[in-house]
Amino acid sequence: MGITVLTNALVLVNSVDLSDHCSKVTTVDTRDSVDITAMGATSKAVTKGLGDAKVTLEFFQDTAPGKTHATLQPLVGSSAGVPIEIRPVNAARGTTNPAFLMTGLLMNYTFLDGKVGDASSISAEFVNASQSGVTYPTS
């Protein structure tokens, strides 16, 4: 498989397909850096600590039922995590189309953003809300 060019990614938020309103996806899977430098060392030593994840999505705002605002707005006030699934292509999972899955909390939600004459492009930032962290299933 060649280089991935995003033209038709799948974006599911709380099992709602918002792909047709999404213009940008950023997924981050990180580990804390834990200092394990001991006395007598001449250089720092580190190891990997706890994992974390974040998903930032940019959408064109739509206030119709079942679209971006109706899906996202209730989540910003909720402390319950919701399933987030991202795939490079809006097709079945596979070895060349793995999913990025996590349970996320919506921490930041931009209701409107734009200037006169522009489409309102909004953002939503989800952080990891589960001990399972991120998985990358292919089936």
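Further up the page is the structure itself.
Because the structure is predicted, anything quoted here is derived from the model rather than measured.

Trainee: Account for the pattern of salt bridges, naming residues and giving values.
Mentor: If you walk through the whole model with that rule in mind, you get six salt bridges. For aspartate 20, the salt bridge goes to lysine 67, with nearest N and O atoms at 3.7 Å. One end of the pair, aspartate 20, is in the loop between β2 (16–17) and β3 (22–35); the other, lysine 67, is in the loop between β4 (46–60) and α1 (68–76), with 47 residues separating them in the sequence. Across the pair glutamate 125 and lysine 54 runs a salt bridge whose closest N-O atoms are separated by 3.5 Å. In this pair, glutamate 125 sits in strand β7 (residues 121–128) while lysine 54 sits in strand β4, placing the two residues 71 residues apart along the sequence.

Trainee: Provide a residue-level description of the side chain of threonine 71, including the pertinent values.
Mentor: Along the chain, threonine 71 turns up in helix α1. Leave out the neighbours within four places in its chain, and threonine 71 touches Val13, Val16, Leu18 and Gly66.

Trainee: Go over the environment of proline 65, please, and point to the residues and values.
Mentor: Among the structural elements, proline 65 can be located in the loop between β4 and α1. Look at proline 65 and you get exposed, because its relative accessible area is 76%. For proline 65 and serine 120, which are 55 residues apart along the polypeptide, the C-alpha to C-alpha distance reads 17 Å.

Trainee: Explain the environment of methionine 102 to me, using residue names and the numbers behind them.
Mentor: With respect to the helices and strands, the residue methionine 102 is situated in strand β6 (residues 100–109). A sequence separation of 95 residues divides methionine 102 from threonine 7, and the C-alpha atoms of the two residues are 22 Å apart. Every residue in contact with methionine 102, bar those within four places of it in the chain, is listed here: Ala53, Lys54, Val55, Val82, Pro83, Ile84, Phe126, Val127, Asn128, Gly133 and Val134.

Trainee: Describe in detail α1, supporting the description with residues and values.
Mentor: Listed as buried for α1 are Thr68, Thr71, Leu72 and Leu75. For α1, the arc enclosing every buried residue in end-on projection is 90 degrees, short of the 170-degree limit, so these residues lie on one face. In this structure, the buried side of α1 is in contact with β1 (10–13), β2, β4, β5 (82–87), β6 and β7.

Trainee: So what's going on with the sheet that holds β7? Residues and values would help.
Mentor: What the seven strands build is an open sheet, ordered β2-β1-β5-β6-β7-β4-β3; its pairing is antiparallel. If you trace the sheet from one side to the other, it starts and ends with β2 and β3, each paired once. Both β1 and β2 contribute to a ladder of two bridges, which runs antiparallel. Its bridge partner lying in β2, leucine 12 is registered against aspartate 17. On top of the sheet, α1 reaches β1, β2, β4, β5, β6 and β7; it is set at about 80 degrees to β6, its chief contact.

About the criteria used
- Counting restarts for each chain, with residues numbered from 1 along the sequence as it is written.
- Only residues with pLDDT of at least 70 are given local features in this predicted model, and only at 80 or more are side-chain atom pairs given and counted; all residues enter the totals for whole chains, interfaces and linings.
- Derived side-chain values reflect all non-hydrogen atoms in the structure, with water molecules and hydrogen atoms excluded from consideration.
- Any Lys or Arg side-chain nitrogen located within 4 Å of an Asp or Glu carboxyl oxygen qualifies as a salt bridge.
- A helix here means a DSSP run of H or I that spans at least four residues, while a strand means a run of E at least two residues long, and both kinds are numbered starting from the N terminus.
- Contacts between residues were defined by any pair of non-hydrogen atoms, one from each residue, lying within 4.5 Å.
- Exposure is judged per residue with a 1.4 Å probe applied to protein chains only, and the accessible area is read against the type maximum: over 50% gives exposed, under 20% gives buried, and values in between give partly exposed.
- By arc we mean the arc of the directions from the helix axis to the C-beta atoms, nothing more.
- One bridge is not enough; two strands pair if DSSP finds at least two bridges between them.
- Helix axes use the C-alpha atoms of the stretch in contact, all axes being lines fitted to C-alpha atoms, and the angles between their N-to-C directions lie in the range 0 to 180 degrees.

By themselves, these are just geometric observations and shouldn't be taken as functional.
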